[in-house]
Amino acid sequence: MDLRQQRCTPCRGGIPPLSMTEANDLLASVPGWMLEGGATRLRRHFGFPDFVSALAFVNRIGALAEEEGHHPDLHFGWGYVDVVVYTHAIAGLHVNDYILAAKIDALPTA
Ligand SMILES: C[C@H](O)[C@H](O)[C@H]1CNC2=NC(N)=NC(=O)C2=N1
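Residues numbered from 1 in each chain as written. Predicted model: local features only at pLDDT ≥ 70, side-chain atom pairs only at ≥ 80, totals over all residues. Heavy atoms only, no water.

A.B. asks: For the site of the ligand, give the residues involved together with the corresponding values.
C.D. replies: Lining the immediate surroundings of the ligand are Pro10, Cys11, Arg12, Gly69, His70, His71, Tyr86, Thr87, His88 and Ala89. Interatomic distance of 3.3 Å between a backbone N/O atom of Gly69 and a nitrogen atom of the ligand. In this structure, a nitrogen atom belonging to the ligand sits 2.7 Å away from a main-chain N or O atom of Tyr86. In the complex, 72% of the free accessible area of the ligand, which totals 400 Å², lies under the protein chains. Among the residues making up the shell around the ligand, the classes are represented as four nonpolar, five polar and one charged. (Near = heavy atom within 4 Å. Polar contact = N/O pair within 3.5 Å; in protein donor to acceptor, adjacent residues only side chain to side chain. Areas by Shrake-Rupley, 256 points an atom, 1.4 Å probe, with all protein chains shown as cover. Nonpolar A, V, L, I, M, F, W, Y, C, P; charged D, E, K, R; others polar.)

What follows is the structure, encoded as structure tokens:
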């Protein structure tokens, strides 16, 4: 099923993170994102014309994260938002991270 139709499930740890192979296979479903940290993180850069539009996007991501109960790490400023997604409880990637990434891609940027 398309990742955007799925919901994040609570993750309290105790399971292994995705393997590098699994992480790479799932990457095809979130084009525009890249793996980093030895395939323990998903990252994407978003560009904006100014600060207020970057901040508005940050707030849209925040509302989505609260709805999904799964949260990205955000670094933003004038003209950009850098999003890093991983599952803190397992210090690596889980399908939740790909669901969140796919839903972030569906958010309006303007
Ligand atoms: C129970 C619930 O799944 C946890 O508290 C959530 C909240 N949001 C989270 N977000 C991320 N990125 N990683 C987590 O491990 C995490 N845990």
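Don't stop here, the text continues.
A.B. asks: Could you give an account of the sheet that holds strand 3 (residues 73-77), with specific residues and numbers?
C.D. replies: Read across the open sheet, the four strands follow the order 1-2-4-3; overall the sheet is antiparallel. Looking at the sheet topology across the chains shown, the edges are occupied by strand 1 (34-36) and strand 3. The average angle at which neighbouring strand axes cross in this sheet is 25 degrees, direction not considered. With three bridges joining them, strand 1 and strand 2 (residues 41-47) adopt antiparallel strand pairing. Counted as the bridge partner of Glu36 is Arg41 from strand 2. Here helix 2 (residues 51-68) sits on the sheet in contact with strand 2, strand 3 and strand 4 (80-85), set at roughly 165 degrees to strand 3. (Pairing = 2+ DSSP bridges. Helix = DSSP H or I, 4+ residues; strand = E, 2+ residues; numbered from the N terminus. Axes fitted to C-alpha atoms, helices over the stretch in contact; angles between N-to-C directions. Contact = heavy atoms within 4.5 Å.)

A.B. asks: So what's going on with the packing of aromatic side chains? Residues and values would help.
C.D. replies: All told, the structure shown has four aromatic pairs when counted by the stated rule. A ring pair is formed by Phe46 and Phe57, whose centres lie 4.9 Å apart and whose planes are at 55 degrees; its orientation type is tilted. With Phe46 in strand 2 and Phe57 in helix 2, this pair connects stretches of sequence that are eleven residues apart. By the burial criterion, Phe46 is buried, and Phe57 matches it. Ring-pair connections join several aromatic residues into one group, and the members of that group are Trp33, Phe46, Phe48 and Phe57. It is Arg41 that lies over the ring of Tyr86; its NZ or CZ is 3.5 Å from the centre. (Phe/Tyr/Trp six-rings, centres within 6.5 Å; stacked < 30°, edge-to-face > 60°. Buried < 20%, exposed > 50% of the residue type's maximum accessible area, 1.4 Å probe, protein only. Lys NZ or Arg CZ within 6 Å of the ring centre and 35° of its normal.)

A.B. asks: How would you sum up the nonpolar core? Please name residues and give values.
C.D. replies: Counting 28 residues, the largest nonpolar core has Trp33, Val81 and Ile104 as its most contacted members. Put simply, the parts of the chain that give this core at least two residues each are strand 2, helix 2, strand 4 and helix 3 (95-105). The greatest single-element share of this core, amounting to six residues, is contributed by helix 3. If sequence neighbours within four positions are ignored, Ile104 has contacts with Trp33, Phe46, Phe57, Ile61, Leu64, Val83 and Val85. (Core = buried A, V, L, I, M, F, W, Y, C linked by side-chain atoms within 4.5 Å.)

Purely geometric numbers; function is a separate question.
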